[in-house]
Amino acid sequence: MAQSDTKKIFFENLSGAGKAIAVLTSGGDAQGMNAAVRAVVRMGLYVGAKVYFIREGYQGMVDGGENITEATWESVSSMLQVGGTVIGSARCKDFRTHEGRLKAALNLVKLGITNLCVIGGDGSLTGANLFREEWSGLLAELVEQGSIEHQSVQTYSALHIVGMVGSIDNDFCGTDMTIGTDSALHRIIEVVDAIMTTAQSHQRTFVLEVMGRHCGYLALVSALACGADWVLIPEMPPEDGWEEKMCQKLSATRSRGTRLNIIIVAEGALDRHGKPITSSIVKDLVVKCLGFDTRVTILGHVQRGGTPSAFDRILASRMGVEAVLALLETTANTPACVVSLCGNQSVRLPLMECVQMTQEVQKAMDEKKFEEAVKLRGRSFENNLKTYKLLAHRKPESELPTSNFNVAVLNVGAPAAGMNAAVRSAVRVGISEGHKMFAVNDGFEGFYKGQIKEIKWSDVGGWTGQGGSLLGTKRTLPAKHVGKIAEQMRTHNINALLVIGGFEAFLSLLELLTARGKYEEFCVPMVMVPATVSNNIPGSDLSIGADTALNAITTTCDRIKQSASGTKRRVFIIETMGGYCGYLATVAGLAAGADAAYIYEEPFDIRDLQANVEHLTEKMKTSIQRGLVLRNENSNDNYTTDFIYQLYSEEGKGVFDCRKNVLGHMQQGGAPSPFDRNFGTKISAKAMQWVTKKLVETFRQDEGRVFANTEDSCCLLGMRRRALIFQPVVQLKGETDFVHRIPKEQWWLKLRPLMKILAKYKTSYDVSDSGQLEHVVHNQPKDSDASVAM
């Protein structure tokens, strides 16, 4: 693949030569741990370090011997898609004793290991920090015992620790998402979606108990993602009398024609007096008070199992590489750090600051300071809770504000999973803010034809888990029909527009902005929420639908690779969607362990293709059995998928054979992923709150109408690095390549060298944007929305 001309910082400045790095997984397992182990091993070897596996966690470190083995490039092949941890994990009592840590220190010194990468929860990371603090004392003891030479104390004087949080509970403060959380949400939502169909058939109520120990994150986010009627979490126990309120809510929902109820209970749920609220208690309550046919499902360890999601693979790979960089840069005075995720960015935080804040959450809960506990969990948790309350509990008509504003919501462009969750959120937030909400069918084509009708709270019930666009969506742009659209705006007295869609939605807002000069009907607040599988919208790092598409591609790649197991060596050429945007090909390539990904943004020629074939041929001559090559559909007019397939087939003769697969529209279909459901829900809620604010600001009392004609009244709401930001669409014109329908600068291009390194290419890697050590209290700026969706 052609090398980018952008400035890179080369690894000669950060050589790992002479260093030994050990990686271990400890405590409970989590999906994605293997991806983190793979990234640490391959990045460590890439920079010239020796890398070791420590099997069975701290127990393996204490026992030594065959539990500590040197890792090779091939030893981490074919583990990316495997759940759990292939190097084993165990809870170790021995390591809690001084004698156990002394044995562990001896085993590390024997192999010259002074760099530890620990993947686990807060207990595992606290243990690692204690080990680090005792290190010099442990070495002195070993010298006294005659177990090591005095010279070893100077040679191995400092132990460097970097942690990665692997836990499905997402209970570690300082990081927005821990490795395994997204995959656990996938397991929960798969079960909920399946249960909803049977519950609807029999008009049943289902009580689902999910894991999380003392953290309600999984319960809260899965409740948001499936639109549950009630959720019980330990951080915010229900007020006294909750039993009656819950039963009233369930009864009201049924009276509106809903055939099922879903209640989600976190395993650590408590009432205000510290008494546990179990799923069986909730079931008995519903049966006794309402007489509903009620069933309990306890998900248990299903949530820990299965293949990791695309998000977890990418998160773990990025964190693994960042962990190696942190170890290379550390000095004797550098505190142990944890590699973390804030928004869309890797950061490094002092390990013990994170641990202390995590302990403060439990302390606040023990002291019944529940509001404080929610805040300590982080802005993401707080926003999730606020959004859930806003969307799940409808206020009585008498309590609703009366704004007398009419807001229209429509989908524009190709369908994307998560659009319906966004529409549901917009409608319910709009109604809560006192607006009358209107749904427009079939985008701007339906708009000019008058396919506009009022949409009520109950009309969007059950929409979060539906794929595609229930409103209907078309690519039609408004420019040719502005007169008719203005007429419909006037007829229905539309005071604001919320447009959910892809590049066509962006172009539509620019056209409506231009039309303001001729039609005053368009002088109203207008906001766009990005929703497209291509993720090609300027002004936003992520779009609704892209995560679902990534999971579809990654799952398909796993199956395709598996189809070649036990056969002769084989390379698969797979074509992805995305127009001219290479996001899907690149990020799916990283998640699926691709050897190459061809995209428009990184031009390539026949020499690059030849180099890739030769590289794969070399790998195939060793133990690698399967190769994977991705190609974005518009990456090159001449080097088509057929051409690349034929080239690889010809050049690989005698070493490997080839197969090709065009994934097509299956990337746009299917139920939305938990990420897309929550991203759509939260970003759309924020957009509606902006609409309310603008309506109030631009309402002219003397004229009795809304009049908004400034640039900042026509915005795109996008995720930028760590925050959700409203940006005037006219200001984004300069950032856009309109010919190829992509932004001029795209953050994910920085992931391409990472994909190449993990595929054993010699390349440069830009470390200028790698995480710098920050402090926990400063790691979430105002409006940061924690991985935004999650």
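A brief structural summary. (Residues numbered from 1 in each chain as written. Predicted model: local features only at pLDDT ≥ 70, side-chain atom pairs only at ≥ 80, totals over all residues. Heavy atoms only, no water.)

1. Side note on the sheet that holds strand β7 (residues 230-232)
Ordered by their spatial adjacency, 4 strands build an open sheet running β7-β8-β6-β9, and the pairing between neighbours is parallel. The open sheet has two edge strands, β7 and β9 (294-298), and neither has a second partner. Geometrically, the sheet is characterised by an average inter-axis angle of 15° between neighbouring strands, direction not taken into account. Bridge count between β7 and strand β8 (residues 261-266): 3 bridges; the pairing is parallel. Pairing of V231 across the sheet is with I264, part of β8. (Pairing = 2+ DSSP bridges. Helix = DSSP H or I, 4+ residues; strand = E, 2+ residues; numbered from the N terminus. Axes fitted to C-alpha atoms, helices over the stretch in contact; angles between N-to-C directions.)

2. Thoughts on the pairing of strand β4 (residues 115-120)
For β4, a buried count of 6 out of 6 residues is recorded, marking the element as mostly surrounded by other parts of the structure. Burial of β4 is two-sided: the residues N115, C117 and I119 facing one way and the residues L116, V118 and G120 facing the other way are all buried. (Buried < 20%, exposed > 50% of the residue type's maximum accessible area, 1.4 Å probe, protein only.)

3. A look at the sheet that holds strand β2 (residues 50-54)
Spatially, 7 strands are ordered β3-β2-β1-β4-β5-β10-β11 in an open sheet, and the strand pairing comes out mixed. Either end of the sheet is taken by a strand with one partner, and the two such strands are β3 (68-70) and β11 (345-350). Taken over all neighbouring pairs, the strand axes of this sheet differ in orientation by 25° on average, direction set aside. Helix-sheet contacts for helix α4 (residues 122-145) involve β4, β5 (160-165) and β10 (337-342), and the interaxial angle to β4 is about 160°. Contacts between helix α11 (residues 351-366) and the sheet are confined to β5, β10 and β11, with β11 contributing the most and set at about 85° to the helix. (Contact = heavy atoms within 4.5 Å.)

4. Here we look at helix α14 (residues 419-432)
Its 14 residues give α14 an end-to-end C-alpha distance of 20 Å, which sits within 8% of 20 Å, the value for a rise of 1.5 Å per residue. Of the residues flanking the end of α14, it is G434, one or two places downstream, whose phi is positive at about 95°. (Expected span 1.5 Å × (residues − 1).)

5. Re the nonpolar core
Residues M164, I233, I262, I264, L498, I500 and Y583 are the most contacted members of the largest nonpolar core, which totals 156 residues. With 13 residues, helix α10 (residues 310-329) is the single largest residue contributor to this core. When neighbours within four sequence positions are excluded, I500 is seen to be in contact with V409, L410, N411, V412, M419, A422, V423, V529, A531 and S684. Counting 40 residues, the second-largest nonpolar core is a separate cluster that includes M61, W135, V338 and L349. (Core = buried A, V, L, I, M, F, W, Y, C linked by side-chain atoms within 4.5 Å.)

6. Some words on the packing of aromatic side chains
With the rule as written, the count across this model stands at 18 aromatic pairs. Arranged with centres 4.8 Å apart and planes meeting at 40°, the rings of Y598 and F604 form a pair that is tilted. Here Y598 and F604 have matching classes, each one buried. Above the face of the F292 ring, R254 is positioned so that its terminal group lies 4.3 Å from the ring centre. (Phe/Tyr/Trp six-rings, centres within 6.5 Å; stacked < 30°, edge-to-face > 60°. Lys NZ or Arg CZ within 6 Å of the ring centre and 35° of its normal.)

7. Quick word on unusual backbone geometry
One non-glycine residue, R213, lies in positive phi territory at about 50°. Residue R213 is classed as partly exposed on the basis of its relative accessible area, which comes to 44%. In this model, D442 sits at a positive phi of 60°, which is unusual for a non-glycine residue. Mapped onto the secondary structure, D442 falls in the loop between β13 (436-440) and α15 (443-448). Assessed through its relative accessible area of 24%, D442 is described here as partly exposed.

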